[in-house]
Amino acid sequence: MKISVITVVFNAVETIEDTLKSVIEQDHDDIEHLIIDGASTDGTMDIVDRYRDNLAGVISEPDQGIYDAMNKGIELASGEVIGTLNADDWYADSGVLSRVARAFTEEKNLDAVYGDIVYVSRDDPDKIVRYWVSGPYREGLFKQGWMPAHPSFFVKKDIYHRYGKFDLEYKIQSDFELTMRFIAVNKINTRYLPGVMVKMRMGGVTNSRISNVIKGNLESYRASKKHGIAATPFFIIRKVLSRLPQFFHKPENLP
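Looking at the overall build of the chain
A tally of helices and strands in the chain yields eight helices and nine strands. Split into buried and exposed, the 255 residues of the chain put 53% on the buried side. Summarising the internal contacts of the chain: among those between residues at least 6 apart in sequence, 75% fall at separations of at least 24. Carbon and sulfur atoms make up 51% of the accessible area of the chain, which amounts to about 11600 Å² in all.

Below is the structure:
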């Protein structure tokens, strides 16, 4: 089974090499790694060029933001299954993509899988700051602000063809809208794979500023209303509160 991994990057010269190496080190034998760069100016592409032999495709041009870049990658991808791995992130171990492929092989009607992620300190990647345990999906979770950890979300390309790509109306939380549209609205068949799949550096677009956190939560609320998910005015508060335990509680099955 071919798995396409889309890496969106813009001016990530300090971190992109870790991302590239983590894909190369995967033990799955059929991987298509695509780099979608937003016309970086800091030397990022110099590093990408050193790994060209390991890459299936590279685009470097201005875009309309991270989700526009992801949509470009989805259009370019030829794998049966697509995942995204941003330039601040890397796979937790060499067997992540093998576990993903095995899940799809075991269950022919499976549309998507997802797992857990950890956020690490930008200055000290060995220091875990936040544990995001996605947990199994059950009806009604999205109206409580739940979503699967998107960097761990692998979905069949056919699902994008049937239900659409990222909606560029949402600048910060289009991943929330997309996973809600797939899982809660169109009822795709998902499986939760317990365990850490991706490590992320703190300081991404969503979490880098309080203003972005607020904007992102407002986008999530608007997306819920758009899709008829019965989110109440307390949706944003519940969404924020649901994240707090991730900073303090270390689940037993995580590092």
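Here the narrative resumes, following the displayed structure.
Examining the packing of aromatic side chains
What characterises a pair of aromatic rings is the spacing of the ring centres plus the angle enclosed by the ring planes. Counted under the stated rule, the structure contains nine aromatic pairs. Between Phe142 and Phe176 the ring centres are 5.8 Å apart and the planes differ by 65°, which places this aromatic pair in the edge-to-face class. One end of the pair, Phe142, is in the loop between strand S7 (128-132) and strand S8 (154-156); the other, Phe176, is in helix H6 (residues 174-185), with 34 residues separating them in the sequence. What makes Phe142 buried here is its relative accessible area of 2%. In this structure Phe176 comes out as buried when scored by relative accessible area, which is 0%. Counting every residue linked through ring pairs, the aromatic cluster contains Tyr114, Tyr137, Phe142, Trp146, Phe176 and Tyr192.

With respect to the environment of Phe104
Positionally, Phe104 belongs in helix H4 (residues 96-106). Each C-alpha atom, one on Phe104 and one on Thr190, is 10.0 Å from the other, the two residues being 86 residues apart in sequence. Filtering out sequence-adjacent residues up to four positions away, Phe104 remains in contact with Met1, Val81, Leu110, Asp111, Ala112, Val113, Phe154 and Lys156.

What about the pattern of salt bridges?
In total, this model carries 15 salt bridges according to the counting rule given. Lys72 is the partner of Glu61 in a salt bridge, and the nearest nitrogen-oxygen pair spans 2.8 Å. Residue Glu61 is located in the loop between strand S3 (57-60) and helix H3 (66-76), and its partner Lys72 is located in helix H3; the two are separated by 11 residues in the primary sequence. For Glu61, a relative accessible area of 35% corresponds to the partly exposed category. Residue Asp158 is joined to Arg162 by a salt bridge in which the shortest nitrogen-to-oxygen separation is 3.2 Å. Here Asp158 and its partner Arg162 are both found in helix H5 (residues 157-163), four residues apart, which amounts to about one turn of the helix. What makes Asp158 partly exposed here is its relative accessible area of 41%.

Topic: the side chain of Thr7
Of note, Thr7 is situated in strand S1 (residues 3-9). Residue class for Thr7 comes out buried when judged on its relative accessible area of 0%. Here His33 takes part through its side chain, which lies 2.8 Å from a polar atom of the side chain of Thr7. In this view, Thr7 contacts Ile16, Thr19, His33, Leu34, Ile35, Ile36, Leu85, Asn86 and Ala87; residues no more than four positions away in its chain are not counted.

Describing the pairing of strand S2 (residues 31-37)
Regular strands place their side chains on alternate faces of the sheet. Most of S2 sits out of view: six of its seven residues are buried. Summarising the sheet, S1 and S2 pair through seven bridges and their orientation is parallel. Directly across from Ile6, in S2, lies its bridge partner Leu34. A crossover connection joins S1 to the parallel S2 through helix H1 (residues 16-24); in handedness this β-α-β unit is right-handed. Across four bridges, S2 lies against S3 in parallel orientation. Across the sheet, the residue bridging to Ile35 is Val58, located in S3. What joins S2 to S3 is helix H2 (residues 44-50), and the crossover it makes is right-handed.

Side note on the nonpolar core
The biggest cluster of nonpolar side chains holds 55 residues, and the ones touching the most others in it are Tyr91, Phe154 and Phe182. Not counting residues up to four positions away in its chain, the partners in contact with Tyr91 are Val5, Ser22, Val23, Gln26, Leu85, Val96, Leu97, Phe154, Met197 and Val198. Counting residues in hydrophobic clusters, the runner-up holds 11 residues, among them Ala12, Ile16, Ile35 and Tyr51.

With respect to unusual backbone geometry
A positive phi is found at Ala39, a non-glycine position, where the angle reads about 70°. With respect to the helices, strands and loops of the structure, Ala39 is situated in the loop between S2 and H2. Phi is positive for Lys187, which is not a glycine, with a value near 55°.

Reading guide: rules and limits
- Residues numbered from 1 in each chain as written.
- Predicted model: local features only at pLDDT ≥ 70, side-chain atom pairs only at ≥ 80, totals over all residues.
- Heavy atoms only, no water.
- Helix = DSSP H or I, 4+ residues; strand = E, 2+ residues; numbered from the N terminus.
- Buried < 20%, exposed > 50% of the residue type's maximum accessible area, 1.4 Å probe, protein only.
- Contact = heavy atoms within 4.5 Å.
- Areas by Shrake-Rupley, 256 points an atom, 1.4 Å probe, with all protein chains shown as cover.
- Phe/Tyr/Trp six-rings, centres within 6.5 Å; stacked < 30°, edge-to-face > 60°.
- Salt bridge = Lys/Arg side-chain N within 4 Å of Asp/Glu carboxyl O.
- Polar contact = N/O pair within 3.5 Å; in protein donor to acceptor, adjacent residues only side chain to side chain.
- Pairing = 2+ DSSP bridges.
- Right-handed = clockwise from strand over helix to strand, strands pointing away.
- Core = buried A, V, L, I, M, F, W, Y, C linked by side-chain atoms within 4.5 Å.

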